Amino acid sequence: MKKIVLFASGSGTNAENIISHFNQSKVANVVAVFSNNEKAMVLQRAQKHNVQTVVFSKEELKTGAVLDKVKSFNPDLIVLAGFLLQFPNNIIAAYPDKIINIHPALLPKYGGKGMYGVHVHQAVLNNKETETGISIHYVNEHYDEGRMIFQKSVSIEDCHDCESIAKRIHELEQENFPKVIEKLIAEQ
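Residues numbered from 1 in each chain as written. Predicted model: local features only at pLDDT ≥ 70, side-chain atom pairs only at ≥ 80, totals over all residues. Heavy atoms only, no water.

1. Quick look at the sheet that holds strand β5 (residues 99-103)
And step 1. One open sheet holds the seven strands; their spatial order is β3-β2-β1-β4-β5-β6-β7, and the pairing between them is mixed. The two strands at the open ends of the sheet, each matched to only one other strand, are β3 (52-55) and β7 (148-155). Within the sheet, the average angular offset between the axes of one strand and its neighbour, ignoring direction, is 20°.
And step 2. By the bridge criterion, six bridges tie strand β1 (residues 2-7) to strand β2 (residues 28-35) in an arrangement that is parallel. When the bridges of β2 are listed, valine 5 appears paired with alanine 32.
And step 3. Helix α7 (residues 162-187) contacts β1, β2, β4 (77-80), β5, β6 (131-138) and β7 of the sheet and is inclined by roughly 30° relative to β6. (Pairing = 2+ DSSP bridges. Helix = DSSP H or I, 4+ residues; strand = E, 2+ residues; numbered from the N terminus. Axes fitted to C-alpha atoms, helices over the stretch in contact; angles between N-to-C directions. Contact = heavy atoms within 4.5 Å.)

2. Focus on the pattern of salt bridges
And step 1. Within this structure, the stated rule accounts for eight salt bridges.
And step 2. Its salt-bridge partner being arginine 168, residue aspartate 158 comes within 2.9 Å of it at the nearest N-O pair. Remark: arginine 168 occurs in helix α7 and aspartate 158 occurs in the loop between β7 and α7; sequence separation between them is 10 residues.
And step 3. Where salt bridges share partners, they join Glu16, Arg45 and Lys48 into one cluster. (Salt bridge = Lys/Arg side-chain N within 4 Å of Asp/Glu carboxyl O.)

3. A few points about the packing of aromatic side chains
And step 1. Applying the stated criterion to the full structure yields eight aromatic pairs.
And step 2. Ring geometry for phenylalanine 7 and phenylalanine 87: centres 4.9 Å apart, planes at 85°, overall edge-to-face. Taken together, the residues span a long stretch of sequence, with phenylalanine 7 in strand β1 and phenylalanine 87 in the loop between β4 and α5 (89-94) at a distance of 80 residues.
And step 3. Its relative accessible area of 0% is what places phenylalanine 7 among the buried residues.
And step 4. Of the residues examined, phenylalanine 87 reaches a relative accessible area of 4% and is grouped as buried.
And step 5. Judged by centre distance (6.4 Å) and plane angle (50°), the rings of phenylalanine 34 and phenylalanine 56 are tilted. One end of the pair, phenylalanine 34, is in strand β2; the other, phenylalanine 56, is in the loop between β3 and α3 (58-63), with 22 residues separating them in the sequence.
And step 6. What makes phenylalanine 56 buried here is its relative accessible area of 3%.
And step 7. Of the aromatic side chains, those joined through ring pairs into one cluster are Phe7, Phe34, Phe56, Phe73, Phe83 and Phe87. (Phe/Tyr/Trp six-rings, centres within 6.5 Å; stacked < 30°, edge-to-face > 60°. Buried < 20%, exposed > 50% of the residue type's maximum accessible area, 1.4 Å probe, protein only.)

4. Some points on the nonpolar core
Taken as a class, soluble globular proteins show a tendency for nonpolar side chains to be buried jointly.
And step 1. Judged by nonpolar contacts, the single largest core of 40 residues is most densely connected at Ile4, Leu6, Ile18, Val79, Ile100, Phe177 and Ile181.
And step 2. Sorting elements by how many residues they give to this core places α7 first, with eight residues.
And step 3. Not counting residues up to four positions away in its chain, the partners in contact with isoleucine 181 are Ile4, Ile18, Phe22, Leu77, Val79 and Ile100.
And step 4. In terms of nonpolar packing, the next biggest core, distinct from the first, is built from 21 residues, Phe7, Ala32, Val66 and Ile91 among them. (Core = buried A, V, L, I, M, F, W, Y, C linked by side-chain atoms within 4.5 Å.)

Pasting the structure below:
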């Protein structure tokens, strides 16, 4: 059975969806959820599914302490599911082409530092885009610039606020993220 480690900073709906998906899988399972936010709802969601949680500080992420903790789980894939800090080069170097992220827009548009969640949706709305979507990509040392794995678009012509765009994006994430992860891990 392959092992997945998740990193998340917030509510954890994508993380919980991934955990639930792999609870039914014969290919892999989620062995840990790492978070830089001790109050993040994702920790409660993980514990509800009996998935081990690891809380760490920004300093531990920089110094290599987090890399040591990740290595202890021996993951086959690391998945960023709403993780807001820049991922450190030491973990990227230790797990080349084994770290993926999801972004709530069609990269390369609306990516980069500070472009997450409502900030992305507001930029999409401000630019009067008629469609947006999700991008799943490998993580490298630059925000949202890793090699593309999967993109899916959705029309937003009838969306007039960030909340309605966020709802469409969330539906795409819930439907597609676990499937893309499963396909990637099955191909390893």
